Amino acid sequence: MHLTGPGIVVGLLSGLLVGWLLAGWNGAVIGAFVGASTFPDLFMGGWQAVHARSARNYVEIHDTVALLLVAVGTVAGGVLGYALGSEGFGQARGVFLGMALAAFALALLATTFSMVPFRQRSVAWLGPLVVGGLAWAAYALWNSPVALALGIVLGSVVAGALAQRVGGVG
C-alpha cells in the first residue's frame, strides 16, 4: 500500500466515485481510501507485468505477481467485507477488516515465492487496521463524512509511521 506515486489521483477519484455510488458520502470517503491505498500498487504491478520482457527494463516477475496478488486481494477483501457487513458503520468496518485479513493472508502467501520479506508487507495489512480503528473512533465522536475523512487521514499517518518502524517501509 503506497500513498504516493503514480496512480494515486486516479485511485482516489475512482474509489471516491465507486464508494459514493455504493453508500453515499460515507462510502465515498472510505472508497477514496481504498482506491488511493491500492491503485498505485495495481498501476505499478500492471506496468511491471507489461514490461517484464522488455530489454531495457529488469523486472523480477515473482515480486510483480506478489504485488498484484496482495493489491487485488486487498480490494477484493474490502468489497467482500462491505457486502458481509451490517448496515451503517458495520459495512465500513467490514471494508477495513476485509482488507486487513485478505492482505495479511496474501502477504504470507506471497512471502513463499517473493524476495520481499513479510515484515516489509506489513503496511498492506496494518494500514487498514489502524486506519479503520481511527476512522471508527472519529465517526463514533461525530457521525459525519468529515469526521470519517479526518480519522482516515490521521490513521494513514499513524499507519505509515508504524509500518516504517515495523518493516522499514515508507
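A quick note: this is a predicted structure, and the numbers were derived from the prediction, not measured. (Residues numbered from 1 in each chain as written. Predicted model: local features only at pLDDT ≥ 70, side-chain atom pairs only at ≥ 80, totals over all residues. Heavy atoms only, no water.)

## Some thoughts on the environment of W136
Structurally, the position occupied by W136 is in helix α4 (residues 122-141). Owing to a relative accessible area of 47%, W136 belongs among the partly exposed residues under this scheme. For the pair W136 and L148, spaced twelve residues apart in the sequence, the C-alpha separation amounts to 7.4 Å. (Helix = DSSP H or I, 4+ residues; strand = E, 2+ residues; numbered from the N terminus. Buried < 20%, exposed > 50% of the residue type's maximum accessible area, 1.4 Å probe, protein only.)

## A few points about the packing of α4 against helix α5 (residues 145-167)
Here α4 crosses α5 at 145 degrees, and the two axes come no closer than 7 Å. You can see that α4 and α5 cross each other, and the crossing is right-handed. Per-class residue counts for the contact of α4 with α5 are 17 nonpolar, six polar and no charged. (Axes fitted to C-alpha atoms, helices over the stretch in contact; angles between N-to-C directions. Left-handed = near helix turned anticlockwise from the far one by under 90°. Nonpolar A, V, L, I, M, F, W, Y, C, P; charged D, E, K, R; others polar.)

## Regarding the packing of aromatic side chains
Overall, the coordinates contain six aromatic pairs when judged by the stated rule. Relative to W125, the ring of F118 lies with its centre 6.1 Å away and its plane at 15 degrees, an arrangement referred to as stacked. We classify F118 as partly exposed; its relative accessible area is 22%. Through a chain of ring-to-ring contacts, the aromatic side chains of F104, F118 and W125 assemble into a single cluster. (Phe/Tyr/Trp six-rings, centres within 6.5 Å; stacked < 30°, edge-to-face > 60°.)

## Here's the deal with the nonpolar core
Generally speaking, nonpolar side chains in soluble globular proteins are found buried as a group. I30, F33, F96, L148 and I152 are the most contacted members of the largest nonpolar core, which totals 24 residues. Among the elements that take part in this core, helix α3 (residues 89-111) stands out by supplying eight residues, more than any other. (Core = buried A, V, L, I, M, F, W, Y, C linked by side-chain atoms within 4.5 Å.)

## Some remarks on the packing of helix α1 (residues 8-50) against α3
Where α1 meets α3, the axes come as close as 11 Å, and the angle between the chain directions of the two elements is 15 degrees. Overall, the two elements α1 and α3 adopt an arrangement that is roughly parallel. As α1 packs across α3, the resulting crossing turns out to be left-handed. Between α1, through I30, F33, V34, S37 and T38, and α3, the contact on the second element is made entirely by A92, V95, F96 and M99. Residue composition of the contact of α1 with α3, grouped by class: seven nonpolar, two polar and no charged. (Parallel < 35°, antiparallel > 145°, perpendicular 65-115°, else oblique. Contact = heavy atoms within 4.5 Å.)

## Comments concerning the side chain of Q91
Here Q91 lies in helix α3. Given the relative accessible area of 15%, Q91 is considered buried.

## So, a nonpolar patch on the surface
Residues L17, W20, L21 and W25 make up a contiguous nonpolar surface patch of about 500 Å² in total accessible area. Mapping W20 onto the fold places it in helix α1. (Patch = residues over 30% accessible without salt bridge, like charges linked within 9 Å, V, L, I, M, F, W, Y side chains within 5 Å. Areas by Shrake-Rupley, 256 points an atom, 1.4 Å probe, with all protein chains shown as cover. Salt bridge = Lys/Arg side-chain N within 4 Å of Asp/Glu carboxyl O.)

## What about the environment of G167?
For G167, the position within the fold is in helix α5. Measuring from C-alpha to C-alpha, the distance between G167 and G90 comes to 30 Å, with 77 residues separating the pair along the chain. Excluding anything up to four places from it in sequence, G167 contacts R119, Q120 and S122.

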